[in-house]
Amino acid sequence: MRKSINYILGIALSCCIVVVLFGCDQAYTIRRMSGDPVINVELIYYDNPEARNKPGEAFPLDLEKLEVLEVLDSSMIESFVDKFHISALGGLDRQTLFSHDGIGVRFIHEDGSFEVITLTTVNGRERFFMCLYDSAGNVIRTIDMAGDISMGHSTGDRLFDRFNDLLDEYFTVRSN
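Keep in mind it's a predicted model, so treat the numbers as computed, not measured.

Chemist: Can you break down the sheet that holds strand β3 (residues 66-71) residue by residue, with the values?
Modeler: The strand order β3-β2-β5-β6-β7-β8 describes an open sheet built from 6 strands, whose pairing is antiparallel. Where the open sheet ends on each side, the last strands, each with one partner, are β3 and β8 (139-143). Pairwise comparison of adjacent strand axes, ignoring direction, gives a mean angle of 25° for this sheet. In terms of strand pairing, strand β7 (residues 125-133) meets β8 through 4 bridges, oriented antiparallel.

The structure is reproduced here in structure tokens:
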């Protein structure tokens, strides 16, 4: 009888541990995809209604749709790059966005390759899409941060709010 009780308690404890481990929030981070030196940082707007209308489809980067809103002063590039490691707790749902749209940042490297990180609102939910491109605009790789980021914390803990706060801190277009 005692073995049965210990067995049942062991199973119950194991179930509790599994629930606690898988029920906890995870930390998510937005950071540059490449370690290559950055020679230029731009605040950009990428107008891609196709991504909003069909977020489950991938559309190639069209540099004609990319509008440079502001170029970061060269004296601030190193500081911005150092701070561009944004973390927050939250849950990441399934991948739902496969193309750029909206406000973002473009990091340009010495070899002409560049990274684009955009924050898009689709159906009232904010999503990130991040991609590294060669100098011709061909995809080198993407990072799957394209799901709904659903934060159960205060506004200050939300990843997209921290992203916007960093843009506001460094770019005058955002603070006007």
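Chemist: Any details on the packing of aromatic side chains? Residues and values, ideally.
Modeler: A full pass over the atoms with the stated rule returns 8 aromatic pairs. Each ring, one from Phe-84 and one from Phe-107, has its centre 5.0 Å from the other, and the planes form 70°; the classification is edge-to-face. Note that Phe-84 is positioned in the loop between α3 (77-83) and β4 (85-95) and Phe-107 in strand β5 (residues 102-109), a separation of 23 residues in sequence. Phe-107 carries the same exposure label as Phe-84, and that label is buried.

Chemist: Describe in detail the pairing of β7, supporting the description with residues and values.
Modeler: For a regular strand, the rule is simple: side chains alternate between the two faces of the sheet. Of all 9 residues in β7, 7 are buried, a share of seventy percent or more. Both strand β6 (residues 114-122) and β7 contribute to a ladder of 9 bridges, which runs antiparallel. In the sheet register, Val-116 faces β7, and the bridge partner there is Cys-131. Between the end of β6 and the start of β7, which pair antiparallel, lie 2 residues, with Asn-123 showing a positive phi angle near 55°. Between the antiparallel neighbours β7 and β8 lie 5 residues, among them Gly-137 with a positive phi of about 90°.

Chemist: Quick one: what's the story with the environment of Asn-53, residue by residue and with numbers?
Modeler: Its location among the elements puts Asn-53 in helix α2 (residues 49-53). When its relative accessible area of 61% is taken as the criterion, Asn-53 is described as exposed. A sequence separation of 70 residues divides Asn-53 from Asn-123, and the C-alpha atoms of the two residues are 9.1 Å apart.

Chemist: Summarise the environment of Leu-97; cite the residues concerned and give the values.
Modeler: Mapped onto the elements of the fold, Leu-97 is located in the loop between β4 and β5. Between the C-alpha atoms of Leu-97 and Lys-54, which are 43 residues apart in sequence, the distance is 8.5 Å.

Chemist: Could you give an account of the pattern of salt bridges, with specific residues and numbers?
Modeler: Summed over the entire model, instances satisfying the criterion amount to 4 salt bridges. Residue Glu-50 pairs with Lys-65 through a salt bridge whose shortest N-O separation is 2.9 Å. Here Glu-50, found in helix α2, pairs with Lys-65, found in the loop between α2 and β3; they are 15 residues apart in sequence, far enough to count as distant. Residue classification places Glu-50 among the partly exposed positions, given a relative accessible area of 33%. The partly exposed category is assigned to Lys-65, whose relative accessible area is 26%.

Chemist: Now, about helix α4 (residues 159-170): what can you tell me, with residues and values included?
Modeler: Between its terminal C-alpha atoms α4 stretches 17 Å, which fits the 16 Å expected from 12 residues at 1.5 Å a residue. Three or more residues of α4 are buried, namely Leu-159, Phe-160, Asp-161, Phe-163, Asn-164, Leu-166, Leu-167 and Tyr-170.

Chemist: Please set out the pairing of β5 residue by residue, giving values where relevant.
Modeler: Of all the 8 residues making up β5, 8 are buried; the element is thus mostly covered by neighbouring parts of the structure. Where strand β2 (residues 38-46) meets β5, 8 bridges bridge the pair, whose relative direction is antiparallel. When the sheet's bridge partners are listed, Val-38 is paired in β5 with His-109. Pairing between β5 and β6: 6 bridges, direction antiparallel. Paired with Ile-103 across the two strands is Leu-119, which belongs to β6. Hairpin geometry of β5 and β6 is characterised by an intervening segment of 4 residues between the two adjacent antiparallel strands and by a positive phi of about 95° at Gly-112.

Calculation criteria
Residues numbered from 1 in each chain as written. Predicted model: local features only at pLDDT ≥ 70, side-chain atom pairs only at ≥ 80, totals over all residues. Heavy atoms only, no water. Pairing = 2+ DSSP bridges. Helix = DSSP H or I, 4+ residues; strand = E, 2+ residues; numbered from the N terminus. Axes fitted to C-alpha atoms, helices over the stretch in contact; angles between N-to-C directions. Phe/Tyr/Trp six-rings, centres within 6.5 Å; stacked < 30°, edge-to-face > 60°. Buried < 20%, exposed > 50% of the residue type's maximum accessible area, 1.4 Å probe, protein only. Salt bridge = Lys/Arg side-chain N within 4 Å of Asp/Glu carboxyl O. Expected span 1.5 Å × (residues − 1).

Read these as layout, nothing more, since geometry by itself doesn't imply function.
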